[in-house]
Amino acid sequence: MKKQVVVIGLGRFGTSVCKELHNLGHEVLAIDQNFERVNGLTDYSSHAVVADATDEKSLKSLGVRNFDHAIVAIGDNLQSSVLCTLMLKEIGMKKVWVKARDLQHQTILERVGADRVIQPENEMGIRVAHHMDSEKLIDYIDLSKDYSIVELVATEKTANKSLSQLNINAKYGCTILAIKRGEDVNIVPLPSDVIRIGDILIIIGHREDLKRFEDKRV
């Protein structure tokens, strides 16, 4: 479904978000105070505007209240980030996602009403650490502080065994959501499905249970 999104702050993070949303077919209003940054996104947005997003009159004149979502990517300027977030919520923006530079910044943003706070460097750092921790790990997504989804490469320990033989739900408290084999993805694996070496297992579970399964069975 096509969405209308305001992206405020066109640094590396904001620019990347803006381009990808545009490529996905969404209507994007890109805002920054820097003319060169705005000019560089005219081909990757529905509208690219030079404006001060901390000025309530400017935001209202641009009609941002008619958009579904806002992404505030002014991560390096705490005061501007907080002020912009507060004003967006006050003028009725449904969802406001904001980039934060650290935990203190995140705490303040949450208190003024941010619907989601993103710390790109922190989140990427966690993912890189997990990749370094295990050569079997393909990808890692945190669902909460306790639960995650991981993609693990099947080795000889799991190969040629069916899901019912592995029985990882009972033994480890994890659930295999899907099995990727080359370009094919089995999104409803059956108990009788057999795993081969090199298959990618998409598994959900508690972080400790996932690690236990990875260490003992994959």
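Bear in mind the structure is a predicted one, so any value in this text is a computation, not a measurement.

Bringing the side chain of Asp193 into the picture now. Following the sequence through the fold, Asp193 ends up in the loop between strand E11 (184–186) and strand E12 (194–195). Buried and unpaired, Asp193 has Arg181 as its nearest opposite-charge partner, separated by 7.6 Å. In this structure the side chain of Asp193 is engaged in a polar contact, spanning 2.9 Å, whose partner is the side chain of Asn186. One polar contact links the side chain of Asp193 to the main-chain amide nitrogen of Leu190, over a distance of 2.7 Å. Excluding its chain neighbours within four sequence positions, the residues that come into contact with Asp193 are Lys161, Ser162, Leu163 and Asn186.

This part is about the packing of helix H4 (residues 78–90) against helix H5 (residues 103–111). Contact geometry of H4 with H5 gives a least axis separation of 9 Å together with a crossing angle of 20 degrees. Accordingly, the angle class assigned to the pair H4 and H5 is roughly parallel. Crossing of H4 over H5 shows right-handed handedness. For the pair H4 and H5, the contacting residues are Leu78, Ser81, Val82 and Thr85 in the first and His105, Ile108 and Leu109 in the second.

What counts, and at which threshold
- Residues numbered from 1 in each chain as written.
- Predicted model: local features only at pLDDT ≥ 70, side-chain atom pairs only at ≥ 80, totals over all residues.
- Heavy atoms only, no water.
- Helix = DSSP H or I, 4+ residues; strand = E, 2+ residues; numbered from the N terminus.
- Buried < 20%, exposed > 50% of the residue type's maximum accessible area, 1.4 Å probe, protein only.
- Lys, Arg positive; Asp, Glu negative; His and termini not counted.
- Salt bridge = Lys/Arg side-chain N within 4 Å of Asp/Glu carboxyl O.
- Polar contact = N/O pair within 3.5 Å; in protein donor to acceptor, adjacent residues only side chain to side chain.
- Contact = heavy atoms within 4.5 Å.
- Axes fitted to C-alpha atoms, helices over the stretch in contact; angles between N-to-C directions.
- Parallel < 35°, antiparallel > 145°, perpendicular 65-115°, else oblique.
- Left-handed = near helix turned anticlockwise from the far one by under 90°.

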